[in-house]
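Examining the three-dimensional arrangement
The lines below spell out each chain.
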Amino acid sequence: DQQVKQNSPSLSVQEGRISILNCDYTNSMFDYFLWYKKYPAEGPTFLISISSIKDKNEDGRFTVFLNKSAKHLSLHIVPSQPGDSAVYFCAASGSTGGSYIPTFGRGTSLIVHP
Amino acid sequence: GAGVSQSPSNKVTEKGKDVELRCDPISGHTALYWYRQSLGQGLEFLIYFQGNSAPDKSGLPSDRFSAERTGGSVSTLTIQRTQQEDSAVYLCASSTPGGRGNEQFFGPGTRLTVL
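Below is a short write-up of the structure. Please read all numbers here as calculations on a predicted model, not as lab measurements.

In this section: the overall build of chain A. Helix and strand content of chain A: 0 helices and 11 strands. Along chain A, from the amino end to the carboxyl end, the secondary structure elements read β-β-β-β-β-β-β-β-β-β-β. For a compact globule of 114 residues, the expected C-alpha radius of gyration is about 13 Å, and chain A comes in at 14 Å, within 12% of that figure. The dimensions of chain A, computed from C-alpha atoms along their principal axes, are 45 × 30 × 20 Å. A buried classification covers 46% of the 114 residues belonging to chain A. Approximately 5500 Å² of chain A is accessible, and the part contributed by carbon and sulfur atoms is 49%. Taking the 10 positively charged and 9 negatively charged side chains of chain A as two groups, their mean positions are separated by 3 Å.

Shown next as structure tokens:
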């Protein structure tokens, strides 16, 4: 049973346009959400995060939106650049016995065309 | 500074053999995680170490899997009697105390292929 779902395995966007990556979760105990970016043959790298007390967090070209009632979050990249082409993982965490081990989605492969 | 390193980068083994995968976390990071990523899947949590506390082994898929962390630093993931379904990329990550909001720093992974 997937608690964190990224229903789009891939997304293709033109350079300069907006990329929107979506993530849904089922566990209402999750209260912290992270996005990681992964290039081939490398480990994931942290991109941006958001606490459940907020509904938006922005860092440069990257903005994460959280809709708690819908248990949905999205990552917006604007403007998209070819170097953004990577696999993006959504992760969610919440206290379970005092530890916050993130649960990851399956990832969305973003391709930004020049 | 040095990031998380893992060795070997690739490992090909025969079914039934034992393998050891190594992780060197970032110095000073007290939390260490092992994940695996099978083809087309997300990151599957395996085990979590935090300081001197007992590890959280809740993600280990079978008793063929074990891990230890010596001296609060280097960790070794051991898979005994490997099976073909163990083929995956095994990722290690470390972080500061491991609480909510502490981003994880991942190594490049070890790609394990069981023939």
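On to the interface of chain B and chain A. Listed per partner, the contact involves 20 residues of chain B and 18 residues of chain A. There are 0 salt bridges connecting chain B and chain A. Summed over the shared surface of chain B and chain A, the result is 3 residue pairs in polar contact (both at pLDDT 80 or more). Contributions of two or more residues to the side of chain B that touches chain A are made by strand S4 (31-37) and strand S5 (44-50) of chain B. Per-element tally for the side of chain B that touches chain A: the top contributor is S4(B), with 3 residues. When its residues are assigned to classes, the side of chain B that touches chain A shows 8 nonpolar, 9 polar and 3 charged.

All names here are of chain A. Taken in spatial order, the 5 strands of this open sheet run S1-S3-S8-S7-S6, and their pairing is antiparallel. In this open sheet, the two edge strands, each paired with only one partner strand, are strand S1 (4-5) and strand S6 (56-59). In this sheet, strand S3 (residues 19-25) lies alongside S1 in antiparallel orientation, the contact comprising 2 bridges. Note on S3: the bridge partner recorded for Lys5 is Asp24.

Attention now moves to the pattern of salt bridges. Enumeration over the complete set of coordinates arrives at 6 salt bridges over all chains. We note a salt bridge from A:Glu58 to A:Lys56, for which the minimum N-O separation is 4.0 Å.

To summarise the sheet geometry, strands pair through backbone hydrogen bonds and adopt either a parallel or an antiparallel arrangement. Residues and elements named next belong to chain B. The 4 strands are arranged S1-S3-S7-S6 in an open sheet whose pairing can be described as antiparallel. Edge positions in the sheet fall to strand S1 (5-7) and strand S6 (65-69), since each of these pairs with one other strand and no more. Averaged over all neighbouring strand pairs, the angle between strand axes comes to 15°, with direction disregarded. The pairing of strand S3 (residues 19-24) with strand S7 (residues 75-79) spans 5 bridges and is antiparallel. Residue Cys23 lies in a different strand from S7, and its bridge partner there is Ser75.

Cut-off values and rules
- Numbers given for residues are sequential positions, taken from 1 along each chain in its written order.
- Lettering for chains starts from A, numbering for ligands starts from 1, and both go in the order in which the items are written.
- In keeping with the model being predicted, local features are shown solely for residues with a pLDDT of at least 70 and side-chain atom pairs are shown and tallied solely at 80 or more, while totals for entire chains, interfaces and linings include all residues.
- Based on all heavy atoms of the structure, the side-chain values leave hydrogens and waters out of the count.
- In this text, helices come from DSSP runs of H or I with a minimum length of four residues, and strands from runs of E with a minimum of two, each type numbered from the N-terminal end.
- Put simply, the radius of gyration uses C-alpha atoms, and a globule should come to 2.2 Å times the residue count raised to 0.38.
- Only protein chains enter the calculation, and the probe is 1.4 Å; a residue is then buried if its accessible area is under 20% of its type maximum, exposed if over 50%, and partly exposed in between.
- Note that accessible areas follow from Shrake-Rupley with a 1.4 Å probe, and for residues the cover is restricted to the protein chains shown.
- Under this rule, positive means Lys or Arg and negative means Asp or Glu; His and the chain ends count for nothing.
- Taken as the charge centre is NZ of Lys, CZ of Arg, CG of Asp or CD of Glu, depending on the residue.
- By definition, residues are in contact when any of their heavy atoms lie within 4.5 Å.
- Any carboxyl oxygen of Asp or Glu that lies within 4 Å of a side-chain nitrogen of Lys or Arg is treated as forming a salt bridge with it.
- Under this definition, polar contacts are N or O atom pairs within 3.5 Å; protein pairs additionally need one hydrogen-donor-capable and one acceptor-capable atom, and for neighbouring residues in sequence, both atoms have to be side-chain atoms.
- Classification convention: Asp, Glu, Lys, Arg as charged; Ala, Val, Leu, Ile, Met, Phe, Trp, Tyr, Cys, Pro as nonpolar; all other residues, Gly among them, as polar.
- Note: two strands are recorded as paired if DSSP finds a minimum of 2 bridges between them.
- Angles run from 0 to 180 degrees between N-to-C directions of axes, and those axes are lines fitted to C-alpha atoms, restricted for helices to the stretch in contact.

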